[in-house]
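Results of the structural survey
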Amino acid sequence: MSLCEDLYRDIILDHYQHPRGKGTLPAPTHREEGLNPVCGDEVVMELDVREGKVCEARFSGHGCSISQASASMLTELIAGQPMDQVGELIEKFKTRMTTRGELGECPCELGDVEALDGVRKYPVRIKCALLAWTTLQRAMLEGEIDGKAT
Ligand code: ZN
C-alpha cells in the first residue's frame, strides 16, 4: 500500500472513530433518511437552514466505516455554506466518485473528501461513500419540514 493510500485510510478511520457533526438537531428545517441495502448502511441527515445558508448540519445512523466517515466529512464541509454552493459540492463529489480512470486534482473545496478517492476501485463501496450525499440532496430538495425554513 502506498504512503498516500495509508494516509487516506487514516483520514477515513479518524472520521469514522471521531465523527464530526454526529447527532441530531433540536429543530431541523430539513431532514431525510437514506438507506444502502447492499451494505446495510443507514444515515439520517438534518439541516438547520437560515436565509439560504446551512447554519448547522448533523447526521445520525450506522453502517460501515466508509458510509459514516463520508457523512462526517460532509457535515464538516457544508457548515456555513450557502445552499446553492452545497448543491454544487454534492454534484462535484458524485461526478468524482463515478469517474473511471485517472482523476484530476481534487478541487480543494472538497477538503478531506479526497481521502475517499480510493473507494472508486471498489464499485460496491461507491454507494457507501455516496449515501450521505444523495440523502442530503434529497433533504434539500424534498425534505423541508413545513414552516421551519426561512
Ligand atoms: Zn457501507
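Summary of the structure given here. These numbers were taken from a predicted model, which means no experiment stands behind them.

Procedures and definitions
Residues numbered from 1 in each chain as written. Predicted model: local features only at pLDDT ≥ 70, side-chain atom pairs only at ≥ 80, totals over all residues. Heavy atoms only, no water. Core = buried A, V, L, I, M, F, W, Y, C linked by side-chain atoms within 4.5 Å. Buried < 20%, exposed > 50% of the residue type's maximum accessible area, 1.4 Å probe, protein only. Helix = DSSP H or I, 4+ residues; strand = E, 2+ residues; numbered from the N terminus. Contact = heavy atoms within 4.5 Å. Axes fitted to C-alpha atoms, helices over the stretch in contact; angles between N-to-C directions. Parallel < 35°, antiparallel > 145°, perpendicular 65-115°, else oblique. Left-handed = near helix turned anticlockwise from the far one by under 90°. Nonpolar A, V, L, I, M, F, W, Y, C, P; charged D, E, K, R; others polar. Pairing = 2+ DSSP bridges.

Here we take up the nonpolar core. Residues I78, L116, W133 and L136 are the most contacted members of the largest nonpolar core, which totals 37 residues. Elements with a contribution of two residues or more to this core: α1 (3–17), β2 (41–50), β3 (53–62), α2 (65–78), α3 (83–98) and α4 (123–142). Among the elements that make up this core, the one with the highest residue count is α4 (nine residues). Contacts of I78, omitting those with residues within four sequence positions, involve L47, V54, A57, V86 and L136.

A word on the packing of α3 against α4. At a closest axis distance of 10 Å, the pairing of α3 and α4 adopts a crossing angle of 155°. Relative to α4, α3 is oriented roughly antiparallel. The chirality of how α3 crosses α4 is left-handed. Contacts between α3 and α4 pair M83, V86, G87, L89, I90, E91, F93, K94, M97 and T98 from the former with I126, A129, L130, W133, T134, L136, Q137 and M140 from the latter. Its residues assigned to classes, the contact of α3 with α4 shows twelve nonpolar, four polar and two charged.

What follows concerns the sheet that holds β3. Pairing is antiparallel across the open sheet formed by three strands, whose spatial order is β1-β2-β3. This sheet does not close on itself; its edge strands, each paired only once, are β1 (30–36) and β3. Strand-to-strand twist in this sheet, taken as the mean axis angle between neighbours without regard to direction, amounts to 15°. Strand direction decides the pairing type here: β2 and β3, joined by nine bridges, are antiparallel. Bridging from a neighbouring strand, D48 pairs with E56 of β3. The strands touched by α2 within the sheet are β2 and β3, with β3 carrying the most contacts at an inclination of about 170°. Packed onto the sheet, α4 meets β1 and β2 and runs at close to 150° relative to β1.

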